[in-house]
Amino acid sequence: MKKNTQSSLTTPAPLSLLNPKCAGIDVGASELFVCIAKNSSEQEVRSFPTFTADLKRMIDWLKSHGVKSVSMESTGVYWIVPYEMLEEAGFEVLLVNARFFKSVPGRKTDVQDCQWIQQLHSYGLLRGSFRPSQEIVQLRAYVRQRSRLFEIAATQVHLMHKALTQMNLQLNHAISNITGVSGLNIIRAILRGERDPKALANLSVNGCRKNIEKIAKSLEGNFRKEHIFALDQAHEAYEFFHRQIHRCEKAIETILCSMQPESALLNTSSDNRQELSSRPQKRARKTQATRSPYYFNAPDAIRKITTTDLTTIPGIDANTAMKILSEIGTDTSRWANAKAFVSWLGLCPGNKISGGKVLNSKTKPTDNRVAQALRLAAASLYRSKTAIGAFFRRMRARLGAPKAITAAAHKLARILYRMMTTGENYREAGENYYEQQYQARVIANLTKRAEELGFILMPAS
């Protein structure tokens, strides 16, 4: 019997040029390699230094050849200036992850990189990375700078701890935080020359006065000059960086005030807006006192922009909400749905499959700051009396802490996307509701399994 060896597969149609007037840029620290298509079969490559005058010359050269769209790879921070200048010049700019086109045919050079980028972009095979609006970019810069200043200020706290320990002042064993009101009062008095332990202990305030005898005992030490000098410098640096943080917060407040008129969601219902505007002031003051680490009322400022209260989500405080807002903004239309948003965050399982076999289902490695913030929020839900807290504890008992944190962060991301898309506030169902839902699912599965085996599941008497 003769076998039919004729293939039923049809030859795919050749790719069509979607962006004939496009350019590809390979970004470097000192030089940019730019490739354009002179015609359907010929490319032209030029190199430009990264000085501003040369970047302007590059823009003029691209305009002279009728280029309308540009793709560039994201390399460190070197892409930022060319990206912003090209965007201001009216080009459509795509910032592409190098992982999407790293398989360059032939030997890898800067010239071949820009040619490969231009070729892929001309066929519409490149996808631009997420880039928020200009006002969100400014807000993000201030929020990130504030976080860096807090990290530097934390180093100065360690140095103050070290200086106190070298003088055998065991203040950290008497009070919980040496940078609180009581701790700073005592440190400033030491720097002014006060050495009497009882006089120093009397500077404590509020609840610290319950342990005033222990505080006085911990302040008997060896006040050597070199250690006092180190304490003085660390304290001065700590105060300086906190003044810088206050300046950052003023800039953040200014940006938020300028965003309020135009950045609110347009599809928010009038009933929800009325509910937000009529929120009792007592609750707002409580939220400010307990959740906002800013000098201004950050939750209210965020609520006016997003038209929803992100701080109602379990585990998310004003600081986390500000980080999320500064990274993604308020426009969720950049993602098709919640699944696409969670995938962009890197919080969904992987699907590396070959030959019908799952090779790897781990989440992809990512340094997404929103994902990091959501993971920290999820990790704080271990003792939360909420539905997400109950979910996290159940996942933690079954999968372990790392996977449970990722699963809870995944759920928080879905809630966040839905809230920012619809403008509705989060409604807490409670851990009892979650346990009831879980019990109903278990009973349904057991009933189905019993029916498959020819049995009937009956409740115990």
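Everything quoted here is computed from the prediction, not taken from an experiment.

The rules behind each value
- Residues numbered from 1 in each chain as written.
- Predicted model: local features only at pLDDT ≥ 70, side-chain atom pairs only at ≥ 80, totals over all residues.
- Heavy atoms only, no water.
- Helix = DSSP H or I, 4+ residues; strand = E, 2+ residues; numbered from the N terminus.
- Buried < 20%, exposed > 50% of the residue type's maximum accessible area, 1.4 Å probe, protein only.
- Contact = heavy atoms within 4.5 Å.
- Areas by Shrake-Rupley, 256 points an atom, 1.4 Å probe, with all protein chains shown as cover.
- Pairing = 2+ DSSP bridges.
- Axes fitted to C-alpha atoms, helices over the stretch in contact; angles between N-to-C directions.
- Arc of directions from axis to C-beta.
- Polar contact = N/O pair within 3.5 Å; in protein donor to acceptor, adjacent residues only side chain to side chain.
- Core = buried A, V, L, I, M, F, W, Y, C linked by side-chain atoms within 4.5 Å.
- Salt bridge = Lys/Arg side-chain N within 4 Å of Asp/Glu carboxyl O.
- Phe/Tyr/Trp six-rings, centres within 6.5 Å; stacked < 30°, edge-to-face > 60°.
- Lys NZ or Arg CZ within 6 Å of the ring centre and 35° of its normal.
- Disulfide = S-S within 2.5 Å.
- Patch = residues over 30% accessible without salt bridge, like charges linked within 9 Å, V, L, I, M, F, W, Y side chains within 5 Å.
- Lys, Arg positive; Asp, Glu negative; His and termini not counted.
- Charge placed at Lys NZ, Arg CZ, Asp CG, Glu CD.
- Parallel < 35°, antiparallel > 145°, perpendicular 65-115°, else oblique.
- Left-handed = near helix turned anticlockwise from the far one by under 90°.
- Nonpolar A, V, L, I, M, F, W, Y, C, P; charged D, E, K, R; others polar.

**A word on the overall build of the protein chain**
So, point 1. Secondary structure assignment for the protein chain yields 17 helices and seven strands.
So, point 2. Out of the 461 residues belonging to the protein chain, those deemed buried represent 40%.
So, point 3. Taking the contacts inside the protein chain whose residues are at least 6 apart along the sequence as the reference set, 64% of them involve residues at least 24 apart.
So, point 4. Total accessible area on the protein chain is roughly 27400 Å²; 51% of this is exposed by carbon and sulfur atoms.

**Looking at the sheet that holds strand 5 (residues 92–96)**
So, point 1. Here five strands make up an open sheet; going across it, the order is 3-2-1-4-5 and the pairing mixed. Each having just a single partner strand, strand 3 (43–49) and strand 5 make up the two edges of the open sheet. Ignoring strand direction, the axes of neighbouring strands in this sheet form an average angle of 20°.
So, point 2. Sheet topology places strand 4 (residues 69–73) next to strand 5; five bridges connect them, and they run parallel. In the strand pairing of strand 5, Met-72 is matched with Leu-95.
So, point 3. Against the sheet, helix 1 (residues 52–64) engages strand 1 (22–27), strand 2 (31–37), strand 3 and strand 4, with an angle of about 160° to strand 3.

**A short note on helix 14 (residues 369–379)**
So, point 1. Within helix 14 the residues assigned to the buried category are Val-370, Ala-371, Ala-373, Leu-374, Ala-377 and Ala-378. Relative to the axis of helix 14, the buried residues are bounded by an arc of 160° and lie together on one face.
So, point 2. The residue sitting at the N-terminus of helix 14 and contributing the capping side-chain oxygen is Asn-368; that oxygen lies 2.9 Å from the backbone nitrogen of Val-370.

**Side note on the nonpolar core**
So, point 1. Among the nonpolar cores identified, the biggest contains 54 residues, and Leu-256, Met-322 and Leu-374 are the most heavily contacted of them.
So, point 2. At the level of secondary structure, the elements contributing two or more residues to this core comprise helix 4 (134–166), helix 8 (225–259), helix 11 (298–306), helix 12 (318–328), helix 13 (338–345), helix 14, helix 15 (387–399) and helix 16 (401–422).
So, point 3. Examining the composition of this core, we find that eleven residues originate from one element, helix 16, more than from any other.
So, point 4. Dropping the residues within four chain positions of it, Leu-374 is found in contact with Ile-316, Ile-324, Leu-345, Leu-347, Ala-409, Leu-412 and Ala-413.
So, point 5. Judged by nonpolar contacts, the second largest core, of 29 residues, contains Leu-149, Ala-163, Leu-200 and Ala-201.

**Considering the pattern of salt bridges**
Pairing of side chains with opposite charge becomes possible as their charged atoms draw close.
So, point 1. Taken as a whole and assessed by the stated rule, the structure comprises eleven salt bridges.
So, point 2. Across the salt bridge formed by Glu-239 and Arg-188, the nearest N and O atoms sit 2.6 Å from each other. Remark: Arg-188 occurs in helix 5 (residues 181–192) and Glu-239 occurs in helix 8; sequence separation between them is 51 residues.
So, point 3. Given a relative accessible area of 30%, Arg-188 falls into the partly exposed group.
So, point 4. We note a salt bridge from Glu-226 to Arg-224, for which the minimum N-O separation is 2.6 Å.
So, point 5. Since its relative accessible area comes to 40%, Glu-226 is described here as partly exposed.
So, point 6. Members of the salt-bridge network, linked through shared partners, are Asp-300, Arg-303 and Asp-309.

**Looking at the packing of aromatic side chains**
So, point 1. Counted according to the given criterion, the structure contains twelve aromatic pairs.
So, point 2. Judged by centre distance (5.0 Å) and plane angle (50°), the rings of Trp-335 and Trp-344 are tilted.
So, point 3. A relative accessible area of 26% places Trp-344 in the partly exposed class.
So, point 4. The cationic tip of Arg-146 hangs over the ring face of Tyr-294; the distance from NZ or CZ to the ring centre is 3.9 Å.
So, point 5. The residue whose ring lies beneath Lys-411 is Phe-391, and the NZ or CZ to ring-centre distance is 4.6 Å.

**Details of the side chain of Gln-118**
So, point 1. Within the element layout of this structure, Gln-118 appears in helix 3 (residues 110–122).
So, point 2. Judged by its relative accessible area of 3%, Gln-118 falls in the buried class.
So, point 3. Here Gln-43 takes part through its side chain, which lies 2.6 Å from a polar atom of the side chain of Gln-118.
So, point 4. Leaving out residues up to four positions away in the same chain, Gln-118 has contacts with Cys-22, Ala-23, Gly-24, Cys-35, Ile-36, Ala-37 and Gln-43.

**Quick notes on the state of the cysteines**
So, point 1. Following the criterion strictly, the structure yields zero disulfides and no others.
So, point 2. Here Cys-35 stays free of any disulfide, with the sulfur of Cys-114 as its closest cysteine sulfur at 4.9 Å.
So, point 3. Note on Cys-35: relative accessible area 0%, which makes it buried.

**Some points on unusual backbone geometry**
So, point 1. Although it is not a glycine, Asn-168 adopts a positive phi angle of roughly 60°.
So, point 2. Secondary-structure assignment places Asn-168 in the loop between helix 4 and helix 5.

**Focus on the environment of Asn-206**
So, point 1. By the secondary structure assignment, Asn-206 is in the loop between helix 6 (197–201) and helix 7 (212–218).
So, point 2. Overall, the relative accessible area of 70% leaves Asn-206 in the exposed class.
So, point 3. For the pair formed by Asn-206 and Ser-182, sequence separation is 24 residues and the distance between their alpha carbons is 8.4 Å.

**Brief notes about a positive patch on the surface**
So, point 1. Taken together, the side chains of Arg-99, Lys-102, Arg-127 and Lys-364 make up a positively charged region of the molecular surface.
So, point 2. Owing to a relative accessible area of 61%, Lys-102 belongs among the exposed residues under this scheme.

**Things to note about the packing of helix 1 against helix 2 (residues 80–88)**
So, point 1. Running from N to C, helix 1 and helix 2 point in directions that differ by 45°, and their axes come no closer than 11 Å. The orientation of helix 1 with respect to helix 2, classified from their angle, is oblique. Helix-helix and strand crossings are classified by hand; for helix 1 and helix 2 the assignment is right-handed. On helix 2, the residues touching Thr-52, Leu-55, Lys-56, Met-58, Ile-59 and Leu-62 of helix 1 are Val-81, Pro-82, Met-85 and Leu-86.
So, point 2. Split into classes, the residues belonging to the contact of helix 1 with helix 2 amount to eight nonpolar, one polar and one charged.

**Let's talk about the pairing of strand 1**
So, point 1. Within strand 1, six of the six residues are buried, which leaves it mostly tucked inside the rest of the structure.
So, point 2. Here strand 1 shows two buried faces, one formed by Cys-22, Gly-24 and Asp-26 and the other by Ala-23, Ile-25 and Val-27.
So, point 3. Note that strand 1 and strand 4 share four bridges and pair parallel. Residue Ala-23 lies in a different strand from strand 4, and its bridge partner there is Val-70.
So, point 4. Relative to strand 2, strand 1 is paired through five bridges, and the arrangement is antiparallel. Note that in strand 2 the partner of Asp-26 across the bridge is Phe-33.
So, point 5. Here strand 1 folds back onto strand 2, and the loop between the two strands holds three residues.

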